[in-house]
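What follows is the residue order along each chain.
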Amino acid sequence: MSTQALVSKLLAAGLVLLLVSCGSTRHAAPSRSEELTGFVLVIEDASDGQARHSWQRASEFDLSWYDHLSSTGDAVENIVLASSRPRDCEQEHIDCFRDCMKRRLPSYLSHVKRGDGSKGSYCAEKCMEEYQDCLKSQRSPALEFSATHEAAEWLKRNRKELLVGTVVVIAGVAFVTLSAGAGVVVLAPVVLMAG
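The model shown is predicted, which means the values in this text are computed figures rather than measured ones.

(A) Focus on the packing of aromatic side chains. In total, this model carries 2 aromatic pairs according to the counting rule given. Relative to Phe 175, the ring of Trp 55 lies with its centre 5.9 Å away and its plane at 70°, an arrangement referred to as edge-to-face. Linking Trp 55 in strand E2 (residues 51-57) with Phe 175 in strand E5 (residues 173-179), this pair joins segments that are 120 residues apart in sequence.

(B) Looking closely at the side chain of Ser 54. Locating Ser 54 in the fold gives a position in strand E2. Side chain to side chain, Ser 54 and Gln 56 meet in a polar contact 3.3 Å long.

(C) Inspection of the environment of Val 112 at higher detail. Within the secondary structure layout, Val 112 lies in the loop between helix H3 (89-102) and helix H4 (118-139). Once the C-alpha coordinates of Val 112 and Tyr 122 are considered, the two residues, 10 residues apart in sequence, prove to be 7.7 Å apart. Excluding residues that lie within four positions of it along the chain, Val 112 makes contacts with Leu 105, Ser 118, Lys 119 and Tyr 122.

(D) A look at the pairing of E2. In terms of strand pairing, strand E1 (residues 39-45) meets E2 through 7 bridges, oriented antiparallel. By the bridge assignment, Ile 43 is partnered in E2 with His 53. Between E1 and E2, which pair antiparallel one after the other, the connecting turn spans 5 residues, and Gly 49 there sits at a positive phi close to 90°.

(E) Focus on the pattern of salt bridges. In total, this model carries 5 salt bridges according to the counting rule given. A salt bridge links Arg 98 to Asp 95, with the nearest nitrogen and oxygen atoms 2.8 Å apart. One end of the pair, Arg 98, and the other, Asp 95, are both in helix H3, 3 residues apart, so they sit about a helical turn from each other. Residue classification places Arg 98 among the partly exposed positions, given a relative accessible area of 39%. Residue class for Asp 95 comes out partly exposed when judged on its relative accessible area of 24%. In this structure, Lys 126 and Glu 130 form a salt bridge, with 3.1 Å as the shortest nitrogen-oxygen distance.

(F) A look at H4. Between its first and last C-alpha, H4 extends 32 Å over 22 residues, near the 32 Å set by a 1.5 Å rise per residue. Looking at H4, one finds that the buried residues are Lys 119, Gly 120, Cys 123, Lys 126, Cys 127, Tyr 131 and Cys 134. Along the axis of H4, the buried positions cluster into a sector of 145°, meaning they face one direction only. Turned more than 90 degrees off the buried face of H4, the exposed positions are Glu 125 and Arg 139. Contacts from the buried residues of H4 go to H3.

(G) Up close: the environment of Pro 189. Assignment of secondary structure puts Pro 189 in strand E6 (residues 184-189). The residues contacting Pro 189, other than those within four sequence positions of it, are Leu 36, Thr 37, Phe 39, Ala 174 and Phe 175.

(H) Expanded view of helix H5 (residues 148-157). Looking only at H5, the buried set comprises Thr 148, Ala 151, Ala 152, Leu 155 and Lys 156. Looking straight down H5, one finds its buried side chains confined to an arc of 125°; they lie on one side. Of the exposed residues in H5, the ones pointing more than 90 degrees away from its buried face are His 149 and Arg 157.

(I) Structural detail: the state of the cysteines. Tallied over the entire structure, the rule returns 3 disulfides. At a sulfur-sulfur separation of 2.1 Å, the disulfide partner of Cys 96 is Cys 127. Taking the sign of the torsion about the S-S bond as the criterion, the disulfide between Cys 96 and Cys 127, at about -85°, is left-handed. One end of the pair, Cys 96, is in helix H3; the other, Cys 127, is in helix H4, and 31 residues separate them in sequence. Note on accessibility: Cys 96 and Cys 127 belong to one class, buried. A sulfur-sulfur distance of 2.0 Å marks the disulfide that ties Cys 100 to Cys 123. Between Cys 100 and Cys 123 the sulfur-sulfur dihedral comes to about -75°; the bridge is accordingly left-handed. Of this pair, Cys 100 sits in helix H3 while Cys 123 sits in helix H4, and the two are 23 residues apart along the sequence.

Here is what the cut-offs are and how they apply
Residues numbered from 1 in each chain as written. Predicted model: local features only at pLDDT ≥ 70, side-chain atom pairs only at ≥ 80, totals over all residues. Heavy atoms only, no water. Phe/Tyr/Trp six-rings, centres within 6.5 Å; stacked < 30°, edge-to-face > 60°. Helix = DSSP H or I, 4+ residues; strand = E, 2+ residues; numbered from the N terminus. Polar contact = N/O pair within 3.5 Å; in protein donor to acceptor, adjacent residues only side chain to side chain. Contact = heavy atoms within 4.5 Å. Pairing = 2+ DSSP bridges. Salt bridge = Lys/Arg side-chain N within 4 Å of Asp/Glu carboxyl O. Buried < 20%, exposed > 50% of the residue type's maximum accessible area, 1.4 Å probe, protein only. Expected span 1.5 Å × (residues − 1). Arc of directions from axis to C-beta. Disulfide = S-S within 2.5 Å.

The following block contains the structure:
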């Protein structure tokens, strides 16, 4: 293979990579805080171990996927939206156990049976984790940032500590964490999730 052909192929490959990386629509944070309600903040792990963030228009982001997860219980059990009163962790724990015992378990848990007490043990363990998360969220103050850049930088540094359902106030707009882990953190305005 000639040097010129190799250079041409490398140039073509570089161009393809550039086009692919520019393929997803990314927006800068809106300059006015009232516009924030139309954007979703996405923080992704990059291959170099750092995190990158992007503000994506909510109209271009599929939030219905998160509604599906919360209604089926596959990954997100409950998204707790901001409220002026504290959560009742004890009642949430009772409700979690009752709902778990009523619900049919996924097929990969076919060994868990109601009659031998293993389903009760499974539900108790699962709901205790949620109870502990609730207590932890009650002890921690709300995350509040006055500027979008400040919020994005802090969230990138602390993305692994975020819990699903965490409310983050950015420039006066309340966001809820919809996804935390697996290399992607997604925060959407509460007004979009409540609608």
